[in-house]
Each structure stands twice: as structure tokens, then as C-alpha cells.
Amino acid sequence: MRKKALWALGASILGLLLAACAPNASQSTLDPAGPTAQSEKNLFVPVFWIAVAVFVLVEGAILVIAIKYRQRKGRERMPKQTHGNTRLEIGWTIAPALVLAVVMVPTVSLIWQLAKAPGPGALNVTVQGRQWWWGFQYTDPDMKESYGSGEPITVADVLVVPAGRQVYLSLEAAGGLIGPGDPPDPAKADYVVIHSFWTPQLFGKQDVVPGRTNHITFAADQPGTYTGQCAEFCGLQHANMKFKVVALSQSDWDAWVQRERAPASTTVEGLAAEGRAIFLNPLSNDRGTCVNCHAIGGTEAASGAAPNLTHFYDPTHTCFAGCDFDTSDTEALKAWLRDPNAVKLGAKMPNYALSDHEIDALVAYLQSLT
Amino acid sequence: MKGDMASLSVQGARGGILRRPSATTGWLSWFTTVDHKKIGIMYGVTAFVFFVLGGLEALLIRSQLAQPDGKILNADQYNQVFTMHGVTMIFLFVMPMSAGFFNYLLPLMIGARDVAFPRLNALSFWVFVLGGLFLYSAALLGGAPNGGWFGYAPNSVTDPTPGMTFYALGLIITGIASTVGAVNLAVTIINMRAPGMTLFRMPVFVWMGLVVQLLLIFSLPIITIDLFLLLFDRRWGTLFFEAAQGGDPVLWQHLFWLFGHPEVYVLILPAFGIISEIIPVFSRKPLFGYQFVVFSGIAIGFIGFGVWAHHMFAVGLGPVANTAFGVTTAIIAIPTGVKIFNWMATMHGGELRFDTPLLYSIGTVTMFVIGGLSGVTHAIVPSDYQQTDTYYIVAHIHYVLFGGAVFGLFAGMFYWWPKVFARQLSERLGKWQFWIMIVGFNLTFGPMHVLGLNGMIRREYTYPASLGLTGWNQVASVGAFVIALSILLFIINAVRTQSKPKGLENEDPWDARTLEWTTACPPPVWNFDEIPEVHALDDFWHKKYVEDEKTGLPVPVQAGGAPEHDEGHEASGGHAIHLPSPSFWPLVASFGLPIMAYGILYSWWLVGAGALVLLVGFYGWAMEPSVAEE
């Protein structure tokens, strides 16, 4: 009885400790929101308590020994000389081995369980790790021919999934030389490097390795937004290579797929129409072209080098540029267009010396892309 | 034949560029010395300077992360600082500091007059110093290394700044220093032991020294290959790590960690050795289970080569590899536990004198236990998918390497300071330092467990306020400055102590057990007037005490009644002992390597010049007899 109370006390103290400074706890591994993260937590927690028990025993014993056998003031005593004890040695070799053997059983079983590919019915998404943002391509039959041009639904930085359904991710490192200049500016190259895809509340990490395709299977139990970020050091802006997973209810998901499959609206007016023209045509004075890198479904812009902007202003597309800023933050978007590197040092999008009017027009156009 | 050699050397002395140095005191003597004790001190001082540098880098990191969206460093500067922090602490502080301890103490502990190859010893020291300076020079030549101490390809290949080329070249150079030193010390331990010093009469510190040198000899070639591949990729466009051209970025990681994990034991085993000497002395009991402590150290060394992929559980090696390396990682916890239990059993029933060396030793054990336990939570692979590359790992590595290695090294400094400098560090300041350090240490790294579990990734120069990570980050930053205060106390302590006159009331201040305490403080250049003859483990203790067979209590040996050979020998003053003479050549030769390295960066001519310096150095060295003509 008393023991139970003690455990409960310990657990609640730990909980408080962890919660105290994590009001949002939006990236906590101990607050799982799906079966994959849950199974990983279920393995961690008991092992954590075993470790706590060992910690208390060992450190407690050291403390007791230190106090009990300390030299008292003014005493010159020689202790009995003991050289060892083979039985004890065997004991404290075998005891930890047994504990570890027990712990390894569920560990090995979970390794294999998590490595299994999901059954039919899972949503397939290809994840592309870039410097420093994420691209998501939906490759299932009902989504891979969209925009009226046979392109798969492609979004950046926000992975939208249906809640309650298994999702099977294929992780690929991507990149390539982009930007103006000949030879290309090495600092502006989008290098293919290792990243790691991680949403603590939904699933542990898998690295995104050039030349390999790794997989993650996960599901989100409830509709909601879960934050994640790149976990493997990938260069200058590793810290700002974040993303969100948005889980939608079935009806919202169906509506999202409908919206995303459609090409971008062409019936834009006023400032937005001006922005569309700026976007699709070369900038004056040889400053470059947006369509060299960006794609917008339903237009001639079709490059995959930079984020696909077809439904840039969809309500689910809440953040941009490795979730460096909120899509709805007009001022942040303007600052980005003015000089991406001033916002995010090392960003691969060059400064096109856009005038304030050009920026306003482009923002109006981007905000029309719902 | 002998005459030929002599005439050659005389010619060399007359006609050569460099006159044979003979000074054993004065500043020049430090540059030409081949005395393992002087070299050991230089290793220690240099490593400590790098420790301070690495510590300042740590303070910059913690200042930047003290608040969300920190503005003290930008992304570029932060990446350089955290990379140099890791490189410095591992390659330029803990490794050479341990090398300093080994250099100074191994010959004394086995009853030798010097290491096996004294001039090679000088070479490895100077190569290490110049390699470290070479690495740091990158900061002035286009940017310090910025790809992490782990230098993962292809990011380390594609980065457009020159930093990672310096990293590859610099670590190749310091690796040469370590390899040379390791061969030297291994040969010393195997070949130079005093009569009667059988392997199983060697102090545990010497055993750990042997294991560490063997680990280095077998693991350094692996990272050297890796660094050369990186260098080729960066400098000459080879494609070893370029997946699109048939290379493999994971190759880097395999080779790196196949070195990197044994390296962890290279860093921690010296500290284990140190506290295995100190705990018995201050418990006034022999080490409990000596053979088990030794064999567990050897076991750790062996198994340490079989766990590397636990750094790579998220790479996607597949369930077979992850299972295998999860199991080996769990297995390596067992011999580590054996050591901890034996230290506890040594203290149990002892008469514990809480002087500074014991305090730091207990600090090592208690903090390492925490690091070891969090290590077990990495062995359970799926849980590691969540923890890897987060601050949870940052916490773990620091509990192991700061809590374990650094506390152990401080234990050693306080313990052997009187031996080396014939002065005793202030116990009072030392204890203040200990308590401040252990509080600061836990304030800094304890919260990082929570930060990691709450989703803070490592190596990020900034974090948003929205993640709720601010509070614990602030605690950690305060802790870092508390640690800095404790290090400052140590520096004050050291400076104050060294400004006092030399001389100890008691040349055996701790009532020690091992051979190094049988000679003067500091030891004469020749170490021992008479090479000691060893009759038992803890030979010195057995000269002072006899164990009563009935009670198991030690009884002091009556003056004059000591076993066969006590202080009966007349001090010879070292006149009859021939020790290697000082030499310029190791220093000269060591300059060749960094010159060649700059050449690889800037000009083939410089490579040629460096090679020439190296050759001239080795030629002069080869032509110079090890003992100068009198």
C-alpha cells in the first residue's frame, strides 16, 4: 500500500517536473498522440523506473558507506584489509545481466514490430528533406494525378494526414543546384545531405539518408496539429528545419484532398493578377524568375527545386520556409520576399531586389492561392 | 662500428644546423626535453589551456541558449562554436590530459627511468600542440570547422567554408600524435617494468593505461582513413560519400563510430584508472577485486569495438543490426557495473579520509552511474528513436565524460600534485571547488534530460518560445557559469600553490600504495636512484605495513625492520645513470606536418616544404645518438 503511494508520488513529481516548464508540451516524447510514439514511450517508462531504482540503490549505498565509514575526528584506525570476494563478483556480474536480459525482450520485439510495413489501406507519402525545408508528395492512386497535369499533390512544411489511419512515409534526401549565376554560387546550392524526420508526439526519428529510402509507419489518434523538426545536423539552418503534422477528421480530409487536387485558381484580379504576372514572367533587368524554382499547379511553373505553392494559402498550410514563419503573417512573408537571408541566414532563395510594389503584388497573389 | 657512429655524431654537432642542446633548466629546456615528466607536465598545461578555451565556447553556447530566439550568435557562428567545443574537449583536452597523466606516471608506477622512446614522446607532444593550433588557426582563415565534432558526410563535404578541411587535416595530425604516443606507452608498459613488476602486480591505472593505448592503436587508423576520405572528397572531388555517384554517406558514420565508440573508453578509462588508485588509498584498504577491476577494463576495451552502431539506430540499418547492437550495448553495461560495485566494496568497511582526491573520485562514481543508467535507456532501441539527437543525449554524454572523465582527472590532479610539484593544492579551495562544480554540473546537465524528452534537438542554435523549453534552458545556462566559477577557483588554487616555495613536510602525504611515491617529490630526472624490485601488488604499502594474518589488520613495519631492501642505498645523484639527452629534432620534425597540411589547403610548394622539414627533422634525429657525448 505504502509502496504504491510512493510510486504514485514519484510519478506525479516526475510528471510535474516535466510539465512545469513545458506548458505547451507540443514536442514532448512523453505525451504521445499515436500508437508508434505510444509504444516507444511504453518501453521507455518501465526502463526509466528500473533505472531510478538502480540509481536509488547504488547512490544510496554510496551515501551510506560514505557516512558510515568516514574517518572520525582524531581517530587513527586501520580498517580490516579485504581483497575481494569471488561470490560477490559473480553475483554483481549476473544480477545486472539478468535485469538487462529481461529489458531486452520487449526491446527486440518492438524493434521488429516497428520495422514492419503497414497493411493495405495505409496512406503513402514521400517525404523529401531539403536544405532547410520539407516537401511532401502524396503518391496514392487517387492523389498522384492532380492539378489537371498528372502531378502528385505536393506541399511544403505541413504534412496533412487523416486521423486514425496508418501513414507510411518514404523518406528521401533531395536537393540540387538552384539559383542564378554561372557557375552556381556554392553557398546557394541546395545540397543533398542527411536529415532526420521526427514528430515526438507521433513517432521517433528515422534518418533521411541520400541514396536510401527509409520508412516510418505512424498514425495520429485524434485530429490536431503536431510539431516536428529535423533532428540530424544538416548545416547552417538545421535549427529552422521544422514542420507540422496536421491530422484531419475523415470529412475534413476528403475536403482537403478535393481542394489540393485542383489546380491553382486562374481567375485572379487586381493586385493579385499583377503578382501572378510577376511570378510567371522573368523579372525586369535580368533579376531572375520565380518559376525557375517554384511550381504552381495549373500554370507553366513546374520546377520542383523549391516549395510547391499551388495551395500556399490553404487553411491547413499554416507555416512556411521550414516553419520559419506563419503563412498568415503578411509582414513576415513580405520580409522574406525582400531578403530571405536577412530572415533566415543561408536560405537558398536569393534576394531578387524586389520593389515594395512587386512584393505587395506577389503577396496578394500568394494569398489568393487557397 | 661504434667509432663510426661517434665520429658521425661529432661531425653532426660541429657541422650541423643545430647544436645539441644540453640545458635541463630554463625555458629552452622545455622545447628540447625528452624527459617523460617534463613532457607530462607540458601535456597537462597545454590540455588545460584547451580546456579553458573549450569551456569559454561552452559558455557562449549556454549564453546563446539562455533565452528563446537568442541573438548572441548567429547560425554560422553557433555551428563553429559547438563544433570547436566538441573537438576541443575530446581531442585537445581529455585525450592529451590523460596522455599527460600516463606520461608522467606510467614510468614511475612501473619503476622505469623513462618511456621506451623518449624522443618519440617529445615528437607526439609537439605534433599534438601544433595540430591543435592548426585546428584553431581555421578561425582566422575563413572559418572554424562547423560540421560538428562527428563531421557527418555529406554535410561536412558540401559545406562551402574551409572549416571542415581544417578539421580533417587537424585531426589527422593529432591522430598521428596519439598513435605515436600510444605505441610508445604500450611498449613502455610491456617492456620497461622493474624486476618483479609482473602484469598482475601493476597498478590498475597502469592496466587502464595499457588498455587505452591498445584501443588507440587499433581505433585511430579507422578514423584516419575516414578523415582522408573526407579530405579527398573535399579537396579533390572524389565521391566516397556522394550517394548520387555510387558513394555512401553512411560509410562515414560506420568508420567514424567504429573509432568513436572505443574513443569513449579512451576518454573514460584513464579516469577509472585514476580513481582505482585513489579510492584504496583514502579508504586505507586494498582495491576490492583487483583482478575483476582489471578484467572488466579489458572487457570494456574489447566490447567497445562491438557497439558502434548504437550511435546509428535511426540511420535505417534494419532490425537485425539494431537488435544486435542493442544487445551488445546492454552487455557493455555489465563490466562497467562490476567496476562500480568494486569501488563501493573498496570503500565499504574502510576508514574514509575525505580529502579532495576522494571527493572527486566519489563524484566520478556517482555522476558516472547516472550517465551509465541513461546509457541503458539508449540500448532499448525504439526508445532511442525518440532520444537520439536530442538534449537527452547531450545530458548523457556529459554525465559520462564530464561527470566521469573530468571529475576523475581533477581527482588525479589533486592526488598527484604534491608528487609532481612538491607543493600541495589548498584542500579548502579544492573542496569549495568540488561542491561548486558538482552543483553547477548537475544544474547544467540534469535539466538537459528533461529538455531532450520534451523534444529539444541538439545542435540547434535557437529554439522558439512556443515549445516551452525556456525554463530548463535558463537553469542549464546558470549552471554553466557555476561550473566556470569552480574552474576559476581551481586556477586560483593552482597559481597560489605554485607561487609558494617548493617542499613537502611529508613526501608521502596520502600514505599511498604505489611505486611513484617511493621516490622524491618531484622525482629526479632519473626517477629512481636504484631501480626498485617489486614483491607484491601495492608494493610500497607492503613496505610500510604488514597485514596481520589473524585479524586482517595492517601493522606498521618497525623502522629498520622492513623487508630486505629499504632506504639502505646511498643516493647516487644519478651520475652513473645515462638518460637520453635533450634534442631539437622532434620539435623540428613536428613542424613538418602542419606545414604540409597548410600546403594541402593552399599550395603544393608548401607541401614540399613541409615534407622537407619532416625529412630533415628525421634525418637529424636518426644521425644523433640518443645520449650525447660527454
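Residues numbered from 1 in each chain as written. Chains lettered and ligands numbered in written order. Predicted model: local features only at pLDDT ≥ 70, side-chain atom pairs only at ≥ 80, totals over all residues.

### Topic: the overall build of chain B
Step number 1: If you tally the helices and strands in chain B, you get 19 helices and 2 strands.
Step number 2: For 630 residues, the compact-globule formula gives about 25 Å, and the C-alpha radius of gyration of chain B, at 25 Å, lands near that figure.
Step number 3: Here the C-alpha coordinates of chain B stretch approximately 75 × 70 × 50 Å along the principal axes.
Step number 4: Going through the 630 residues of chain B one by one, you find that 58% of them count as buried.
Step number 5: Long-range pairs, those at least 24 residues apart, make up 82% of the contacts in chain B with a sequence separation of at least 6. (Helix = DSSP H or I, 4+ residues; strand = E, 2+ residues; numbered from the N terminus. Rg over C-alpha atoms; globule rule 2.2 N^0.38 Å. Buried ≥ 20, exposed ≤ 12 C-beta atoms within 10 Å, placed from the backbone. Contact = placed C-beta atoms within 7 Å.)

### Considering the overall build of chain A
Step number 1: Per the secondary structure count, chain A includes 8 helices and 12 strands.
Step number 2: Against the globule reference of 21 Å for 370 residues, chain A gives a C-alpha radius of gyration of 27 Å, more extended than a compact globule.
Step number 3: A principal-axis box enclosing the C-alpha atoms of chain A has dimensions of 95 × 50 × 40 Å.
Step number 4: Within the span of chain A, comprising 370 residues, buried residues form 42% of the whole.
Step number 5: Relative to all contacts within chain A whose residues are 6 or more apart in sequence, the contacts with residues 24 or more apart total 65%.

### Focus on the pairing of strand β1 (residues 123-129) of chain A
Residue and element names in this part refer to chain A.
Step number 1: Relative to strand β5 (residues 167-173), β1 is paired through 7 bridges, and the arrangement is parallel. When the sheet's bridge partners are listed, Q128 is paired in β5 with E172.
Step number 2: Both β1 and strand β2 (residues 134-138) contribute to a ladder of 5 bridges, which runs antiparallel. For T126, the partnering residue across the bridge sits in β2 and is Q137.
Step number 3: Linking β1 to β2, which pair antiparallel, is a turn of 4 residues. (Pairing = 2+ DSSP bridges.)

### Observations concerning the sheet that holds β2(A)
All names here are of chain A.
Step number 1: Pairing in this open sheet of 5 strands is mixed, and the strands run β3-β2-β1-β5-β8 from one edge to the other. On the outer flanks of this sheet lie β3 (153-156) and β8 (214-218), each paired with one strand and no other. Each neighbouring strand pair of the sheet contributes to a mean axis angle of 25°, computed without reference to strand direction. (Axes fitted to C-alpha atoms, helices over the stretch in contact; angles between N-to-C directions.)

### Considering the packing of helix α2 (residues 35-68) of chain A against helix α12 (residues 356-379) of chain B
Step number 1: Two elements in contact, α2(A) and α12(B), have axes whose closest approach is 9 Å; the angle formed by their N-to-C orientations is 170°. Viewed along their axes, α2(A) and α12(B) adopt a mutual orientation that is roughly antiparallel. The handedness of the crossing between α2(A) and α12(B) is right-handed. Along the contact surface, α2(A) presents F44(A), V47(A), F48(A), A51(A), V54(A), F55(A), V58(A), E59(A), I62(A) and A66(A), while α12(B) presents I362(B), V365(B), T366(B), V369(B), I370(B), L373(B), V376(B) and T377(B). (Parallel < 35°, antiparallel > 145°, perpendicular 65-115°, else oblique. Left-handed = near helix turned anticlockwise from the far one by under 90°.)

### Structural notes on helix α8 (residues 204-236) of chain B
Step number 1: Its 33 residues give α8(B) an end-to-end C-alpha distance of 46 Å, which sits within 8% of 48 Å, the value for a rise of 1.5 Å per residue.
Step number 2: Directly after α8(B), the chain includes G237(B), whose backbone phi takes a positive value near 65°. (Expected span 1.5 Å × (residues − 1).)

### Details of the interface of chain B and chain A
Step number 1: Listed as interface residues are 83 residues of chain B and, on the opposing side, 83 residues of chain A.
Step number 2: For the side of chain B that touches chain A, the leading source of residues is helix α11 (residues 319-347) of chain B, giving 15 residues.
Step number 3: Taken together, the residues of the side of chain B that touches chain A break down into 45 nonpolar, 27 polar and 11 charged. (Nonpolar A, V, L, I, M, F, W, Y, C, P; charged D, E, K, R; others polar.)

### Observations regarding the sheet that holds strand β9 (residues 224-229) of chain A
Residues and elements named next belong to chain A.
Step number 1: In spatial order, the strands read β4-β10-β9; together these 3 strands make up an open sheet with mixed pairing. Each end of this open sheet is capped by a strand with a single partner; those strands are β4 (158-162) and β9. Neighbour-to-neighbour, the strand axes of the sheet open up by a mean angle of 20°, direction not taken into account.
Step number 2: Alignment of β9 against strand β10 (residues 242-248), held across 6 bridges, turns out to be antiparallel. Residue pairing in the sheet places G224 in a bridge with A247 of β10.

### A short note on the environment of V209(A)
Step number 1: With respect to the helices and strands, V209(A) occurs in the loop between β7 (203-208) and β8.
Step number 2: In this structure V209(A) comes out as buried when scored by C-beta crowding, with 27 C-beta atoms within 10 Å.
Step number 3: Residues V209(A) and E172(A), 37 residues apart in the sequence, show an inter-C-alpha distance of 6.6 Å.
Step number 4: Those residues in contact with V209(A) that lie beyond four places of it in its chain are A173(A), I194(A), N214(A), P249(B), V250(B), V315(B) and G316(B).

### With respect to helix α3 (residues 86-115) of chain A
Step number 1: The terminal C-alpha atoms of α3(A) lie 43 Å apart, and with 30 residues this matches the ideal 44 Å at 1.5 Å per residue to within 8%.
Step number 2: Where α3(A) bends most, the angle comes to about 25°, and this point is M104(A), followed within four residues by the proline P106(A).
Step number 3: Residues of α3(A) that are buried in the fold lie against α2 of chain A together with α10 (290-303), α11 and α13 (381-387) of chain B. (Bend = angle between axes of the 7 residues up to and from the residue.)

### Thoughts on the pairing of β5(A)
Residues and elements named next belong to chain A.
Step number 1: The element β5 is extensively covered by neighbouring structure, given that 5 of its 7 residues are classed as buried.
Step number 2: Taken together, the 5 bridges between β5 and β8 define a ladder with antiparallel strand orientation. Each residue of the ladder has a partner; that of S170, found in β8, is H215.

### Some details on unusual backbone geometry
All names here are of chain A.
Step number 1: Backbone torsion omega between Q131 and W132 reads -5°, so that peptide bond is classified as cis.
Step number 2: Along the polypeptide, W132 turns up in the loop between β1 and β2.
Step number 3: Backbone geometry at Y147 places phi at a positive 60°, although glycine is not the residue there.
Step number 4: Along the chain, the position of Y147 falls in the loop between β2 and β3.
Step number 5: We note that C323 has phi near 55°; this positive angle belongs to a residue other than glycine.
Step number 6: Among the residues examined, C323 registers 23 C-beta atoms within 10 Å and is labelled buried.

### So, the packing of α12(B) against helix α14 (residues 391-421) of chain B
Residue and element names in this part refer to chain B.
Step number 1: Closest axis-to-axis distance for the α12/α14 pair is 8 Å, and the angle between their directions is 165°. In terms of axis orientation, α12 runs roughly antiparallel to α14. Relative to α14, the crossing made by α12 is left-handed. Across from T356, P357, Y360, S361, G363, T364, M367, F368, I370, G371, S374 and G375 in α12, the residues of α14 making contact are A395, H396, Y399, V400, G403, G404, F407, G408, F410, A411, F414 and Y415.

### Quick notes on the confidence of the model for chain B
Residues and elements named next belong to chain B.
Step number 1: Averaged over every residue, the pLDDT of chain B is 92; the share at 70 or more is 94%.
Step number 2: Between the elements of chain B, mean pLDDT differs from a low of 41, seen in helix α1 (residues 2-15), to a high of 98, seen in helix α3 (residues 36-64).
Step number 3: Between residues 560-571, whose pLDDT stays under 50, and residues either more than four places distant or in other chains, the model counts 7 contacts.
Step number 4: Complex prediction metrics read pTM 0.93 and ipTM 0.92. (pLDDT = per-residue confidence, 0-100.)

### A closer look at the environment of P68(B)
Residue and element names in this part refer to chain B.
Step number 1: Along the polypeptide, P68 turns up in the loop between α3 and α4 (75-110).
Step number 2: Put simply, P68 and Y461 are 393 residues apart on the chain and 9.7 Å apart in space, counted from C-alpha to C-alpha.
Step number 3: Beyond its immediate stretch of four places on either side in the chain, P68 contacts Y463, P464, A465 and T470.

### Thoughts on the environment of D286(A)
Residues and elements named next belong to chain A.
Step number 1: Tracing the chain through its elements places D286 in the loop between α5 (270-280) and β11 (319-320).
Step number 2: Its 8 C-beta neighbours within 10 Å are what place D286 among the exposed residues.
Step number 3: Through-space distance from the C-alpha of D286 to that of Y352 is 9.7 Å; in sequence the pair is 66 residues apart.

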